[in-house]
Amino acid sequence: METVLQARLPSEQSKLLGVESQLGTDADACTKAFLKNSLPQMTEEDIAKKMTHKAVLLEYKMQKKKKEKIRKAKGLNAKERRKLKIFQLKPEHQKYELFLPLHELWKKYIVDLCNGLKPESNPQTIQQKLLKADFHGAVLTVVRSKCPSYVGLTGILVQELKHIFKIITKEDKLKVIPKRNSVFSVEIGNFVTHIYGSKFELRSSERSAKKFKVKGTIDL
């Protein structure tokens, strides 16, 4: 087999392939140079031992592409949001009329959520849905509070935080009302429901995923 591999190509095949057979010494030198370049970590003696009666697979090593780190945009923290006053309404935006379209959208949203608010609807089922509903745009009225100055205030809810409601009154005044120790009423057509602020001290996003337990009595 070795003699066949080292035999010279016939002239006809050399012309057809466009190559010329090298002499044994030239072929041997070319092979050694090729192996040395392909296996730089090995000495000539190690290569000779490895090539004796063994097949060597010469693999082409592809250069690894460096993965570019994608930098994710970091959001603002609470301190930065407060500094930039992102959640504060500007005085020129504190107009009751500006939020009337939001109130109309909220009425449609709450009716769809409660499947039409029909007279035969189960009050407990509606109450459970309202506990997880979004009240931005609802008209809230303070009916009870440990602070008498809050009682009777009415306005459209423009912002709900964990511990407070911010409403816009018809007099275009922004009122901040604490949830704790306050009871709010919400009118939806002929249906009236009450919100006990002390049991409502959650962000609207957290409230939508919370499981509420039905209790017989609720105190301020």
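Below: a short report on this structure. This one's a predicted model, so the numbers in the text were calculated from it and none came from an experiment.

**Quick word on the overall build of the protein chain**
So, point 1. When you go through the protein chain residue by residue, the secondary structure sums to eight helices and six strands.
So, point 2. Ordering the α and β elements of the protein chain from the N terminus gives α-α-α-α-α-α-α-β-β-β-β-β-β-α.
So, point 3. In the protein chain, which comprises 220 residues, the share counted as buried stands at 23%.
So, point 4. When the accessible surface of the protein chain is totalled, it reaches about 17,800 Å², and 55% of it is carbon and sulfur.

**With respect to empty space enclosed by the protein**
So, point 1. A complete count under the given rule lists one cavity of 30 Å³ or more for this structure.
So, point 2. By volume, the largest cavity amounts to about 40 Å³.
So, point 3. Around the largest cavity, the lining residues are Gln-127, Leu-130, Leu-131, Phe-135, Thr-193, His-194, Ile-195 and Phe-200.
So, point 4. Taken together, the residues that form the lining of the largest cavity break down as five nonpolar, three polar and no charged.

**Brief notes about the nonpolar core**
So, point 1. By size, the foremost hydrophobic cluster in this structure holds 22 residues, and its most contacted members are Trp-106, Leu-130, Phe-135, Leu-140, Val-186, Ile-188 and Ile-195.
So, point 2. Setting aside anything within four residues of it in sequence, one finds Leu-140 in contact with Leu-153, Thr-154, Gly-155, Leu-157, Phe-165, Ser-185, Val-186 and Ile-195.
So, point 3. Grouped together as the second largest cluster of nonpolar side chains are five residues, Phe-99, Ile-156, Val-158 and Ile-168 included.

**A word on unusual backbone geometry**
So, point 1. The backbone of Asp-172 shows a phi angle near 60 degrees, a positive value even though the residue is not glycine.
So, point 2. Mapped onto the fold, Asp-172 is located in the loop between β3 (164-168) and β4 (174-178).
So, point 3. Judged by relative accessible area, which is 32%, Asp-172 ranks as partly exposed.
So, point 4. Phi is positive for Asn-181, close to 65 degrees, though the residue is something other than glycine.
So, point 5. If you trace the backbone, Asn-181 turns up in the loop between β4 and β5 (182-188).

**Notes on the pairing of β4**
So, point 1. Two strands pair when backbone bridges link them, and β3 and β4 are joined in this way by five bridges, in the antiparallel orientation. Looking at the pairing, Ile-168 lines up with Leu-174 of β4.
So, point 2. Between the end of β3 and the start of β4, which pair antiparallel, lie five residues, with Asp-172 showing a positive phi angle near 60 degrees.

About the cut-offs
- Residues numbered from 1 in each chain as written.
- Predicted model: local features only at pLDDT ≥ 70, side-chain atom pairs only at ≥ 80, totals over all residues.
- Heavy atoms only, no water.
- Helix = DSSP H or I, 4+ residues; strand = E, 2+ residues; numbered from the N terminus.
- Buried < 20%, exposed > 50% of the residue type's maximum accessible area, 1.4 Å probe, protein only.
- Areas by Shrake-Rupley, 256 points an atom, 1.4 Å probe, with all protein chains shown as cover.
- 1 Å grid on protein atoms, 1.4 Å probe; cavity = no way out; pocket = protein on both sides within 12 Å on 5 of 7 lines; lining within 4 Å.
- Points joined across faces, edges and corners; volume = space filled by probe spheres on them.
- Nonpolar A, V, L, I, M, F, W, Y, C, P; charged D, E, K, R; others polar.
- Core = buried A, V, L, I, M, F, W, Y, C linked by side-chain atoms within 4.5 Å.
- Contact = heavy atoms within 4.5 Å.
- Pairing = 2+ DSSP bridges.

Treat this as a map of the structure, not an account of what it does.
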